[in-house]
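# Chain and residue survey
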Amino acid sequence: MLKTIKIKRITEEIVSQIREQIAKGELNAGDRLPSEREMAQQLGVSRPTVREALQVLEHTGFVEILQGSGTYIRDIGKQSLTDPLQKLIQDSDQRYQEVYEFRIAIEVWAVGLAAQRIQKEELHKLEEIINAMKTSRIEKKPVDELDAKFHLAIARASQNGIYYHVANTILHLYTQVARISHEQLFLSENDQEELLADHTAIFKAIRSGDANRARALMLHHLNRVTLKTTLAGSNK
């Protein structure tokens, strides 16, 4: 026997749309949502309905409403994982090693997905990052932020929204607990050249759609970084 179909409440539909955009990485931590009036016009609903949806999102931790400023996307990954994990890891050499192992396993898997699923605009973004790294190397500027952007761009290109947020959290955690800075790791000309070569090779493998090569190159790159980090830490 057929059951009565219940029409989803408009508020729930608005909440669902925003959550989906966050999951896909279309809305990121710190992004400001349109005003209530603008959202009401875009969605074809009343302002009280939009206000109710935003209150639900705030209550569940997805947004922060600042009076007189606007509504902003919260960093759901960092707020749910980073603090307790950071405290767990900071005083344990074994936990450091586990972070490295987890990062290698998950990024090698994800880069294969990126090679298979990347969209044209995402490929263009990766190329822009590579070109910016080349320029920074010539100008002898730090590339730590570009390095992180490169890995996050790959996470987005995997088309896996959950992984994108986990990757954001893990990269943040990695930088917070690392005992040696990016600049100290890649101090020499040779180190910087190898770093750029690694990223360029990974980019080219993704561009050609070669998932196996992309995974192999990412594994080589992260193993190299892990080894350098371990050796540098032991010499401190």
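Keep in mind it's a predicted model, so treat the numbers as computed, not measured. Once a new chain begins, its residue numbering starts again from 1 and follows that chain's sequence as written. Local features in a predicted model are, by the rule used here, given only for residues with pLDDT of at least 70; side-chain atom pairs are given and counted only at 80 or more, and totals for whole chains, interfaces and linings are based on all residues. With hydrogens and water set aside, each side-chain value is computed from the structure's full complement of heavy atoms.

## Topic: the overall build of the chain
- The secondary structure listing takes helices from DSSP runs of H or I that are at least 4 residues long and strands from runs of E that are at least 2 residues long, numbered from the N terminus. Counting secondary structure elements, the chain contains 11 helices and two strands.
- Secondary structure elements in the chain, listed N-terminal to C-terminal, are α-α-α-β-β-α-α-α-α-α-α-α-α.
- Considering the chain as a whole, with its 236 residues, one finds that 41% of them fall into the buried category.
- Considering only intrachain contacts with a sequence separation of at least 6, the fraction spanning at least 24 residues in the chain is 69%.
- Areas reported here follow the Shrake-Rupley algorithm with a probe of radius 1.4 Å; residue values treat only the protein chains shown as occluding. Per element, the accessible surface of the chain, about 13800 Å² overall, is 52% carbon and sulfur. Accessibility here uses a 1.4 Å probe with only protein chains present; expressed as a share of the type maximum, an area under 20% marks a residue as buried, one over 50% as exposed, and anything in between as partly exposed. Whether two residues are in contact is decided by their heavy atoms: any pair within 4.5 Å suffices.

## Comments concerning the pairing of strand S1 (residues 63–66)
- Strands are labelled as partners when DSSP assigns at least two bridges between them. Relative to strand S2 (residues 70–73), S1 is paired through four bridges, and the arrangement is antiparallel. What sits directly across from isoleucine 65, in S2, is threonine 71.
- Once S1 ends, the chain turns through three residues before running back antiparallel as S2, passing glycine 68 with a positive phi of about 80°.

## Topic: the side chain of histidine 199
- Topologically, histidine 199 is positioned in helix H10 (residues 189–207).
- For histidine 199, the contacting residues outside a window of four places in its chain are Ile130, Met133, Asp147, Phe150, His151 and His221.

## So, the side chain of histidine 221
- Its place among the elements puts histidine 221 in helix H11 (residues 211–234).
- Definition of a polar contact: a pair of N or O atoms within 3.5 Å, with one able to donate and the other able to accept a hydrogen when the atoms are protein atoms, and with sequence-neighbouring residues admitted only if both atoms are side-chain atoms. Side chain to side chain, histidine 221 and aspartate 198 meet in a polar contact 3.0 Å long.
- Those residues in contact with histidine 221 that sit more than four places away from it in its chain are His151, Leu195, Asp198, His199 and Ile202.

## Quick word on the nonpolar core
- Among buried residues, the Ala, Val, Leu, Ile, Met, Phe, Trp, Tyr and Cys ones that are joined through side-chain atoms within 4.5 Å form a nonpolar core. Among the nonpolar cores identified, the biggest contains 30 residues, and Val111, Leu126, Phe150, Ile154, Ile202, Ile206 and Met218 are the most heavily contacted of them.
- Put simply, the parts of the chain that give this core at least two residues each are helix H5 (93–117), helix H6 (120–138), helix H7 (144–157), H10 and H11.
- Apart from the residues lying within four places of it in its own chain, the contact partners of isoleucine 154 are Val111, Ala114, Leu126, Ile202, Ile206 and Met218.
- Judged by nonpolar contacts, the second largest core, of 15 residues, contains Ile22, Met39, Ala53 and Leu54.

## A short note on the packing of H7 against H10
- To define axes, lines are fitted to C-alpha atoms, for helices over the stretch in contact only, and angles between the resulting N-to-C directions are given on a 0 to 180 degree scale. At a minimum axis distance of 12 Å, the contact between H7 and H10 shows a crossing angle of 20°. When the interaxial angle is binned, H7 and H10 end up roughly parallel. As for how H7 packs across H10, the hand of that crossing is left-handed. Residues Asp147, Phe150, His151 and Ile154 of H7 pack against Leu195, His199, Ile202, Phe203 and Ile206 of H10. Any angle that is under 35 degrees is reported as roughly parallel, and any over 145 degrees as roughly antiparallel; angles of 65 to 115 degrees are reported as roughly perpendicular and all others as oblique. Left-handed is the label given to a crossing in which the near helix is rotated counterclockwise from the far helix by less than a right angle, and right-handed is the label when the rotation is clockwise.

## A short note on helix H3 (residues 47–59)
- The span expected for a helix works out to 1.5 Å for each residue beyond the first. For H3, which comprises 13 residues, the first-to-last C-alpha distance of 18 Å matches the rise-based estimate of 18 Å (1.5 Å per residue) to within 8%.
- All of the buried residues in H3 are Thr49, Val50, Ala53, Leu54 and Leu57. Axial view of H3: buried residues confined to an arc of 135°, hence all on one face.
- On the buried face of H3, the contacting elements are helix H1 (10–23), helix H2 (36–43), S1 and S2. Think of the arc as the fan of directions from the helix axis to the C-beta atoms.

## Side note on the packing of aromatic side chains
- For this analysis, a ring pair means two rings from Phe, Tyr or Trp (six-membered ring only for Trp) whose centres lie within 6.5 Å, classed as stacked if their planes differ by under 30 degrees, edge-to-face if by over 60, and tilted for the remaining angles. Counting across every chain of the model gives one aromatic pair.
- Here the aromatic rings of tryptophan 109 and tyrosine 163 are separated by 5.6 Å at their centres, their planes lie at 90°, and the arrangement is edge-to-face. Of the two residues, tryptophan 109 sits in helix H5 while tyrosine 163 sits in helix H8 (residues 161–177), which places them 54 residues apart along the sequence.

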